[in-house]
Amino acid sequence: MNAIEQKRMKEQRVVAEMIALYCRKNHTGYKNGQLCSDCQALLAYAAARSERCPFMEQKTFCANCRVHCYKPDMREQIRQTMRFSGPRMLLYHPLLAIRHLICSKKEKRKQG
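For clarity, every value in this text was computed on a predicted model and none was experimentally measured.

1. Concerning the overall build of the protein
Across its full length, the protein holds four helices and zero strands. In sequence order, the secondary structure elements of the protein are arranged as α-α-α-α. Since a compact globule built from 112 residues should have a radius of gyration of about 13 Å, the 14 Å found for the protein is in line with a globular shape. Its C-alpha atoms give the protein principal-axis dimensions of roughly 40 × 30 × 30 Å. Across the 112 residues of the protein, 33% fall into the buried class.

Okay, here's the thing in structure tokens:
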């Protein structure tokens, strides 16, 4: 597996954990580790966008990308999910959260 694929997998894992946390805390459809249908659709959409990303080699996370390829409604959904889950990730997945913060800060410094 090459470095770009590893990066893509890491990004997808972080997104999946954030969506699962959001679903578990906000939706009644979350049962036995299974996402509700809305969150499952958001996760599938996010994974599809990540798979087709032409900038994966240069960027760290979608939030740092200059081109936003999400449809407006899905972009708002993922933004809401990230806003809720981001701070809580420190409690539920501290290593993922810290690595995500460090990578994001480095990327923002690189961009200007």
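2. Considering the packing of helix α1 (residues 3–26) against helix α3 (residues 72–92)
It is the contact of α1 with α3, at a shortest axis distance of 8 Å, that shows an interaxial angle of 95 degrees. The orientation of α1 with respect to α3, classified from their angle, is roughly perpendicular. When α1 is examined against α3, the residues Val-15, Glu-17, Met-18, Ile-19, Leu-21, Tyr-22, Arg-24, Lys-25 and Asn-26 are found in contact with a partner set consisting of Ile-78, Gln-80, Thr-81, Met-82, Phe-84, Ser-85, Gly-86, Arg-88, Met-89 and Tyr-92. Grouping the constituent residues of the contact of α1 with α3 by class yields 10 nonpolar, five polar and four charged.

3. Thoughts on the side chain of Ser-85
Of note, Ser-85 is situated in helix α3. For Ser-85, the contacting residues outside a window of four places in its chain are Met-18, Leu-21 and Tyr-22.

4. Focus: a positive patch on the surface
A cluster of like positive charges, contributed by Lys-105, Lys-106, Lys-108 and Arg-109, occupies part of the molecular surface. Looking at where Lys-108 falls in the secondary structure, it is placed in helix α4 (residues 94–111).

5. Examining the environment of Glu-57
By the secondary structure assignment, Glu-57 is in the loop between α2 (37–51) and α3. Sequence separation between Glu-57 and Arg-8 is 49 residues; the distance between their C-alpha atoms is 9.2 Å. In contact with Glu-57, not counting residues within four places along its chain, are Ile-4 and Lys-7.

Rules used throughout
- Residues numbered from 1 in each chain as written.
- Predicted model: local features only at pLDDT ≥ 70, side-chain atom pairs only at ≥ 80, totals over all residues.
- Heavy atoms only, no water.
- Helix = DSSP H or I, 4+ residues; strand = E, 2+ residues; numbered from the N terminus.
- Rg over C-alpha atoms; globule rule 2.2 N^0.38 Å.
- Buried < 20%, exposed > 50% of the residue type's maximum accessible area, 1.4 Å probe, protein only.
- Axes fitted to C-alpha atoms, helices over the stretch in contact; angles between N-to-C directions.
- Parallel < 35°, antiparallel > 145°, perpendicular 65-115°, else oblique.
- Contact = heavy atoms within 4.5 Å.
- Nonpolar A, V, L, I, M, F, W, Y, C, P; charged D, E, K, R; others polar.
- Patch = residues over 30% accessible without salt bridge, like charges linked within 9 Å, V, L, I, M, F, W, Y side chains within 5 Å.
- Areas by Shrake-Rupley, 256 points an atom, 1.4 Å probe, with all protein chains shown as cover.
- Salt bridge = Lys/Arg side-chain N within 4 Å of Asp/Glu carboxyl O.
- Lys, Arg positive; Asp, Glu negative; His and termini not counted.
- Charge placed at Lys NZ, Arg CZ, Asp CG, Glu CD.

Shape is all these values report; function is a separate question.
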